[in-house]
Amino acid sequence: MSDIKYKKFAEINLQDPFFDNLRMDYPEFDTWYQKKAMAGESAYVLYEENKLVCFVYLKIEDSLDTNIIPPLYPTRWVKIGTFKIEARRTKLGQRLIKRAFDFAISHNIFDLYVTAYDKHAVLIDILKHYGFVEYGNKGGEKVLVKHIISNNDLPTFSEVCEKLEQCPPMPQEFNNLQISRRNTLKRYSQDIKFQQCVENCKHFFSFYETLKLSGNLSLNFPTLSARNNRKYILGIYPEYHTRMFSDSKLHTESTSILCDISESNSIHKVYISAIADTQLLQKGDIVIIYRTKDDNAQSANYSSVATSLCVVEEYRYISSFYCEDDFIKYCKPHNVFSIEELQSFYKTKRYPYIIKMTYNIAFKRRVVLDKLRTIIPNVSYWGFVSLDDQQFYQIIQEAGINDSIIVH
């Protein structure tokens, strides 16, 4: 299998049978596609054995689609214009949703939407699982929206209302009010101007109700909360690293090591460890994934690198599983071990610590061990390292990612 590629429309065969269902849903599909090809547009695609198995087109929209009812909030949006995957049961959809989030964040955009017919129930379910909500309609299609919570969110009514033409002028006393139906709307329930604003724009305020981190890490994804959550470095051997964290592949690695399998594509990862200190991990803890030294590397200083950011969903001890089948069912979809290896682990209890995580961010720049040693001195073992906030944010700065989705 090749890695996911960003290819020009003109380089992709429009007559591929992969597109037949899209033609059935959208009679103008060929005309639309050819216009995109002429405009030099690109899409994310994946081929397996020269067969097209996925196609995702992402578009930045600075002006609103007036056919969407009710209208979207006036900001920049990423539209998931086309999202089609061959049914493969390998969680490829999760990987492509993550790619859409990565695309948006890389352009400093935090709002995405997609349109889908009711018959696309599988797609709708997976979108909702990662925080998309039904917002409105466009013709016969549902409109689903996702706001990626960030440190850049508009925090007050006055800042929102400045962008909404239908809002009346807001009294100065509302300038610093946080957007929260639970507190603010009740407090000013008797104010006529305030209620007029809420009535005119209630679909916006309903949307803003979602702008709170919940206890559900999938709904929050890819945002993570650094507030009151502990931070660690967690090591993983090279032979397992890229198969699990496919978007964190090093530039020197071949794409041939990637497989279109659940453990590579899933947003959720299960890490199986013998490191006793990993028992400290709790839900919400932030983990920096550290790829250890290649066997043939002369020094770890430049071949060992921090590559990714994850959030702990759950920690379990191996004896907490009812039986071997229960253990395999929990682990197999989200890690790289074979069933035979997992059976051996369960029998021997050699790796008793089970950590389930969400794979939130691949670093833009890998942070080499030589740099990590200047940030965190006097570390003798890099398999599991506790970080203070200053050390964590220094690593994040070195990683070159958009850290606005790390809410603090």
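Cut-offs used in this document
- Residues numbered from 1 in each chain as written.
- Predicted model: local features only at pLDDT ≥ 70, side-chain atom pairs only at ≥ 80, totals over all residues.
- Heavy atoms only, no water.
- Helix = DSSP H or I, 4+ residues; strand = E, 2+ residues; numbered from the N terminus.
- Buried < 20%, exposed > 50% of the residue type's maximum accessible area, 1.4 Å probe, protein only.
- Contact = heavy atoms within 4.5 Å.
- Areas by Shrake-Rupley, 256 points an atom, 1.4 Å probe, with all protein chains shown as cover.
- Pairing = 2+ DSSP bridges.
- Axes fitted to C-alpha atoms, helices over the stretch in contact; angles between N-to-C directions.
- Salt bridge = Lys/Arg side-chain N within 4 Å of Asp/Glu carboxyl O.
- Parallel < 35°, antiparallel > 145°, perpendicular 65-115°, else oblique.
- Left-handed = near helix turned anticlockwise from the far one by under 90°.

Peer 1: Can you walk me through the overall build of the protein chain in this structure?
Peer 2: Per the secondary structure count, the protein chain includes 16 helices and 15 strands. Taking all 408 residues of the protein chain together, the buried fraction comes to 52%. A separation threshold of at least 6 residues defines the contact pool for the protein chain, and within that pool the share at least 24 residues apart is 72%. With an accessible surface of roughly 19,800 Å², the protein chain has 47% of that area assigned to carbon and sulfur atoms.

Peer 1: In this structure, what is going on with the sheet that holds strand S5 (residues 111-116)? I would like to understand it.
Peer 2: Strand pairing in a sheet takes place through backbone hydrogen bonds and is either antiparallel or parallel in direction. The strand order across the open sheet formed by 7 strands is S1-S2-S3-S4-S5-S7-S6, and the pairing between neighbours is mixed. At either end of the open sheet lies a strand with only one pairing partner, and these are strand S1 (5-8) and strand S6 (133-138). In this sheet, adjacent strand axes meet at a mean angle of 30 degrees when their direction is disregarded. The sheet contacts of helix H4 (residues 121-129) involve strand S4 (77-85), S5, S6 and strand S7 (141-147), and relative to S7 the element is tilted by about 20 degrees.

Peer 1: Would you take a moment to explain the sheet that holds strand S14 (residues 384-387) for this structure?
Peer 2: Taken in spatial order, the 6 strands make up an open sheet running S10-S13-S12-S11-S9-S14, and their pairing is mixed. In this open sheet, the two edge strands, each paired with only one partner strand, are strand S10 (268-273) and S14. For this sheet, the mean inter-axis angle between neighbouring strands, taken without regard to orientation, is 35 degrees. Inspection of the sheet shows strand S9 (residues 231-236) paired to S14 by 4 bridges, in the antiparallel sense. Looking at S14, one finds that Tyr-232 is bridged to Ser-386.

Peer 1: Looking at this model, I keep getting lost on the pattern of salt bridges. Mind explaining?
Peer 2: A side chain with one charge may pair with a side chain of the opposite charge, provided their charged atoms come close. Overall, the coordinates contain 14 salt bridges when judged by the stated rule. Note that Asp-25 is salt-bridged to Lys-119, the shortest N-O span being 2.5 Å. Placement of the pair is Asp-25 in helix H1 (residues 20-25) and Lys-119 in the loop between S5 and H4, with a sequence separation of 94 residues. Assessed through its relative accessible area of 59%, Lys-119 is described here as exposed. One salt bridge connects Lys-138 with Asp-65, and the closest N-O pair in it is separated by 2.7 Å. Here Lys-138 is found in strand S6, whereas its partner Asp-65 is found in the loop between strand S3 (51-61) and S4, with 73 residues between them in sequence.

Peer 1: Looking at this structure, I do not really get the side chain of Asn-360. What am I missing?
Peer 2: Structurally, Asn-360 is set in strand S13 (residues 353-368). Sequence-distant contacts of Asn-360, that is, excluding residues within four places in its chain, are made with Lys-98, Asp-102, Phe-221, Pro-222, Thr-223, Leu-224, Leu-309, Cys-310 and Val-311.

Peer 1: Would you explain the packing of helix H13 (residues 324-331) against helix H14 (residues 339-348) in this entry?
Peer 2: For any two helices packed against each other, one specifies the inter-axial angle together with the distance between the axes. Running from amino to carboxyl end, H13 crosses H14 at an angle of 130 degrees, the nearest separation of the two axes being 10 Å. If you check the angle between H13 and H14, you find them oblique. For H13 against H14, the interelement crossing comes out right-handed. Contacts between H13 and H14 pair Glu-324, Phe-327, Ile-328 and Cys-331 from the former with Ile-339, Leu-342, Gln-343, Phe-345, Tyr-346 and Lys-347 from the latter.

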